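One letter stands for each residue in the lines below.
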Amino acid sequence: MADPTGFLKYEREEPKKKSKEERLATWGEVYADVEPAERNEQVRKQASRCMDCGIPFCHSSGSGCPLGNLIPEWNDLVRRGDWAAASDRLHATNNFPEFTGKLCPAPCEAGCVLSVSPLSGGPVAIKRVEQTIADQSWEAGYVQPQVSAVSSGQRVAVVGSGPAGLAAAQQLTRAGHEVTVYERDDRLGGLLRYGIPEFKMEKKVLDRRLAQLRKEGTKFVTGCEVGVDLTVEELRAGYDAVVLAVGALRGRDDTTTPGRELAGIHLAMEHLVPANKYVEGDGPSAVDAAGKHVVIIGGGDTGADSYGTATRQGALSVTQLDQYPTPPSTRDDERSPWPTWPYILRTYPAHEEAGERKFAVAVTRFIGDDEGNVRAVELRQVRVVKDPETGKRMVTPINDEVEELPADLVLLAIGFEGVEHMPLLDGLGLSLTKRGTLSCGADWQTESPGVFVCGDAHRGASLVVWAIAEGRSVASAVDAYLTGASDLPAPVHPTALPLAVV
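Residues numbered from 1 in each chain as written. Predicted model: local features only at pLDDT ≥ 70, side-chain atom pairs only at ≥ 80, totals over all residues. Heavy atoms only, no water.

A. Quick look at the overall build of the protein chain. Looking only at helices and strands, the protein chain has 18 helices and 16 strands in total. Computed over its C-alpha atoms, the radius of gyration of the protein chain comes to 23 Å, within 12% of the 23 Å expected for a compact globule of 502 residues. Here the C-alpha coordinates of the protein chain stretch approximately 70 × 65 × 50 Å along the principal axes. With 502 residues in all, the protein chain has 50% of them scored as buried. Here the protein chain displays about 22200 Å² of accessible surface, and carbon together with sulfur accounts for 51% of that area. Across the protein chain, the 53 positively charged side chains and the 70 negatively charged ones have centroids separated by 4 Å. (Helix = DSSP H or I, 4+ residues; strand = E, 2+ residues; numbered from the N terminus. Rg over C-alpha atoms; globule rule 2.2 N^0.38 Å. Buried < 20%, exposed > 50% of the residue type's maximum accessible area, 1.4 Å probe, protein only. Areas by Shrake-Rupley, 256 points an atom, 1.4 Å probe, with all protein chains shown as cover. Lys, Arg positive; Asp, Glu negative; His and termini not counted. Charge placed at Lys NZ, Arg CZ, Asp CG, Glu CD.)

B. The arrangement of the layout of surface pockets in detail. Approximately 280 Å³ is the volume found for the second largest pocket. Around the second largest pocket, the lining is made up of 18 residues, and of these His91, Ala92, Gln146, Arg174 and Gln212 lie nearest the centre. Counting only elements with at least two residues in the lining of the second largest pocket, the list comes to α5 (83-91), α9 (163-174) and α11 (203-216). By residue class, the composition of the lining of the second largest pocket is five nonpolar, nine polar and four charged. (1 Å grid on protein atoms, 1.4 Å probe; cavity = no way out; pocket = protein on both sides within 12 Å on 5 of 7 lines; lining within 4 Å. Points joined across faces, edges and corners; volume = space filled by probe spheres on them. Nonpolar A, V, L, I, M, F, W, Y, C, P; charged D, E, K, R; others polar.)

C. Main features of the pairing of strand β7 (residues 293-297). Most of β7 is tucked away, with four of its five residues classed as buried. The pairing of β7 with strand β8 (residues 317-322) spans five bridges and is classified as parallel. Within β8, the position partnered with Ile297 by the bridge is Leu321. Note on the crossover from β7 through helix α14 (residues 301-313) to β8: the handedness is right-handed. Sheet analysis places β7 next to strand β14 (residues 409-412), joined by four bridges and oriented parallel. If you follow Ile297 over to β14, its bridge partner there is Leu412. (Pairing = 2+ DSSP bridges. Right-handed = clockwise from strand over helix to strand, strands pointing away.)

D. Structural view of helix α18 (residues 464-483). Counted at 1.5 Å a residue, the expected span for α18 with its 20 residues is 28 Å, and the 29 Å between its end C-alpha atoms agrees. When you tally the buried positions in α18, you get 17 out of 20 residues, the bulk of the element. (Expected span 1.5 Å × (residues − 1).)

E. Focus on α11. An ideal rise of 1.5 Å per residue puts 20 Å on 14 residues; α11 measures up with 20 Å between its terminal C-alpha atoms. For α11, the full list of buried residues reads Lys203, Val205, Leu206, Arg209, Leu210, Gln212, Leu213 and Glu216. Positive phi appears at Gly217, one or two residues downstream of α11, with a value of about 120°.

F. Representation of the nonpolar core within the structure. Core analysis: the largest hydrophobic core is formed by 64 residues, its most contacted members being Val156, Val243 and Val478. Broken down by element, the residue count for this core peaks at 11 residues, all from α18. Excluding residues that lie within four positions of it along the chain, Val243 makes contacts with Val156, Ala157, Val158, Val159, Ala168, Phe452, Cys454, Val474 and Val478. (Core = buried A, V, L, I, M, F, W, Y, C linked by side-chain atoms within 4.5 Å. Contact = heavy atoms within 4.5 Å.)

G. Region of the structure containing the UniProt feature "domain: FAD/NAD(P)-binding" (unreviewed entry) in the protein chain. Those places that UniProt annotates as "domain: FAD/NAD(P)-binding" (unreviewed entry) correspond, in this numbering, to residues 155-471. Counting secondary structure, residues 155-471 comes out at 27% helix and 24% strand; the distance between its end C-alpha atoms is 17 Å. (UniProt positions renumbered as here; feature names shortened; annotations may be inferred.)

Structure below.
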């Protein structure tokens, strides 16, 4: 059994990062390289902090991991040094633990019992343990292709090669179906490829997993927009079921602030995608921060990704703006009681490297030069309140003070509005919900028979761990649709939501 006093013996310890100078000089991942033996010993101690609680909130889909990762089990296996068994337990619930280990914000840690009180020293470093199990699994050769011994004779098309689509494809291939993944970009991976910067996850990690899927029998077609290059009629004729994992990539724009039409103002993805293509070797980016004063509007993950990208491109300055006040450094039990996701200040590695963040401010005007280029933004201190009648948020200036901030490049990282409008949806007779997503029934099937949906296309922009969970769940539903029953796991229901205070 686990060591119930482990958290008293060992402090929570995060992985060491490279120096700021080294990080800014390269696109590589920010964490320092450590010899596997030393790394494993460090993580073994971290895993020893897990108490194997009677009710492990960490792997509850409501308050912790939607995949249902068997966290206390593989924590104890790591504590005992049984890495092979830990790999089996981790891969039993998660197709791609190296993705979640690097990219997931770890709701499991928020649900850890050691998060109840800061006196515990902080939650178990679950994300670090997961990542190390994944690394050790590849290094020791535990990860091998799992080729199905039977063939169902059924063909499935998966549209989209992000984490949801890849998870669905792998599960269905292993169940014996003939699966083809279609991707409209020139390379596979969706946002894993072109949305996530190299310093957060090197693409060799993605390519390694794609190689496993190919060896298992999954087929891939890139540069193909389904509904255009492959017509809906051809799709229907060639496949017995279709999975839509097309993401929610329609970026939210700012259409009301004066000066939005100025050159040099872009949606954040217009900056991130060509930057990632540059790292892939595709040549210079058309939206480059080199030698510019950069202002990023939006305080979330996408804004932080643009922040770190801009500094590596050689920006003169980087400023990230958030219209909300500075969050507290510790959990406010009244606002977000354990085990819900805490509302706290989150500092990403990019924020430690350069630049600054400003809170409780909003841009009231973009200021241009004589040639129609943005040169500055006009800032006001604001308060965000909710209209009691409509529920809409209202951003209100709190005084008459105006600050002018230099800005040669402005990046809008203010969220996503849902699935992009595409011919495929029209051809299938599908319409978007008010939230910009695709609805489905309890079996993940849309209103178009034999067409299923999962990931951000169904949920809206969300976490990588939810995408994988939905991909696994839709695979079970498609398997049952094709064969009458399924033994594939389905960790989440289409209506599942994380626990929250409303």
